[in-house]
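A closer look at the structure
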Amino acid sequence: MRSLRFGHLERVNRELWLVFSLFVIAGVLNLLLAGQRMVLGLYAVPTVGSAYLYGRRHATLTAFASVLLVVLLMYANPAVSAPPYRAELFGGMWMEIMVWGGTLVITGYLMGTLYEQRTRQINELRETYIGVLTILRHFISSDEYTENH
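Residues numbered from 1 in each chain as written. Predicted model: local features only at pLDDT ≥ 70, side-chain atom pairs only at ≥ 80, totals over all residues. Heavy atoms only, no water.

Structural notes on helix α2 (residues 44-54)
Within α2, burial applies to Pro46, Thr47, Ser50, Ala51 and Tyr54. One side of α2 carries all its buried residues, which in axial view fall inside an arc of 140°. Of the exposed residues in α2, the ones pointing more than 90 degrees away from its buried face are Val45 and Tyr52. Phi turns positive, to about 110°, at glycine 55, one or two residues after α2. (Buried < 20%, exposed > 50% of the residue type's maximum accessible area, 1.4 Å probe, protein only. Helix = DSSP H or I, 4+ residues; strand = E, 2+ residues; numbered from the N terminus. Arc of directions from axis to C-beta.)

Okay, here's the thing in structure tokens:
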């Protein structure tokens, strides 16, 4: 019972750390590095972390939350979205945000898919190992000489 509560607390803390990291990155983007597009790359860290810890669905939702947070931040503080250069080609900064957001969502989806495939392979390997042990146990139990050894 006690370990079940600790496991739930640990899972909640991981999710809170992911959400907290999104807000820290947004704060850094807003306060310290206004106009620096390079900071947007930091949003990949919570997305990949979410994919590694929770899988495809959670990673995709984390990526969408990152994109939503950046868009809201750009509306709330226009100084953040002021580019250091004139980017007027095909919508300027919004095109950059769309490309960045799409790349982040695809990265989250693909990394989460890799995590789920790896988990599935580990489970299959574990089941195969248990099956081989069961077969060996049956062979040993049918032999009178080696049964008691």
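Next comes the rest of the account.
Quick word on the packing of aromatic side chains
The geometry of an aromatic ring pair comes down to the distance between the two centres and the angle between the two planes. One pass over the full model with this rule turns up one aromatic pair. With 5.7 Å between their ring centres and 70° between their planes, tyrosine 43 and tryptophan 100 make a pair best called edge-to-face. A residue pair is termed long-range when its members are at least 10 positions apart, and tyrosine 43 in the loop between α1 (2-32) and α2 and tryptophan 100 in helix α4 (residues 93-142) qualify at 57 residues. For the pair tyrosine 43 and tryptophan 100, one class covers both residues: buried. (Phe/Tyr/Trp six-rings, centres within 6.5 Å; stacked < 30°, edge-to-face > 60°.)

Topic: the packing of helix α3 (residues 56-76) against α4
One can describe the packing of α3 onto α4 by two numbers: an axis separation of 7 Å at closest approach and a directional angle of 165°. Of the possible angle classes, the one that applies to α3 and α4 is roughly antiparallel. Regarding α3 and α4, the two cross each other, and that crossing is right-handed. Seen from α3, the contacting residues are Arg56, Arg57, Ala59, Thr60, Ala63, Phe64, Ser66, Val67, Val70, Val71, Met74 and Tyr75; seen from α4, they are Met93, Trp94, Ile97, Trp100, Gly101, Leu104, Val105, Gly108, Tyr109, Gly112, Thr113 and Glu116. Residue composition of the contact of α3 with α4, grouped by class: 15 nonpolar, six polar and three charged. (Axes fitted to C-alpha atoms, helices over the stretch in contact; angles between N-to-C directions. Parallel < 35°, antiparallel > 145°, perpendicular 65-115°, else oblique. Left-handed = near helix turned anticlockwise from the far one by under 90°. Contact = heavy atoms within 4.5 Å. Nonpolar A, V, L, I, M, F, W, Y, C, P; charged D, E, K, R; others polar.)

Everything listed here is a matter of coordinates, which is why it stays silent on function.
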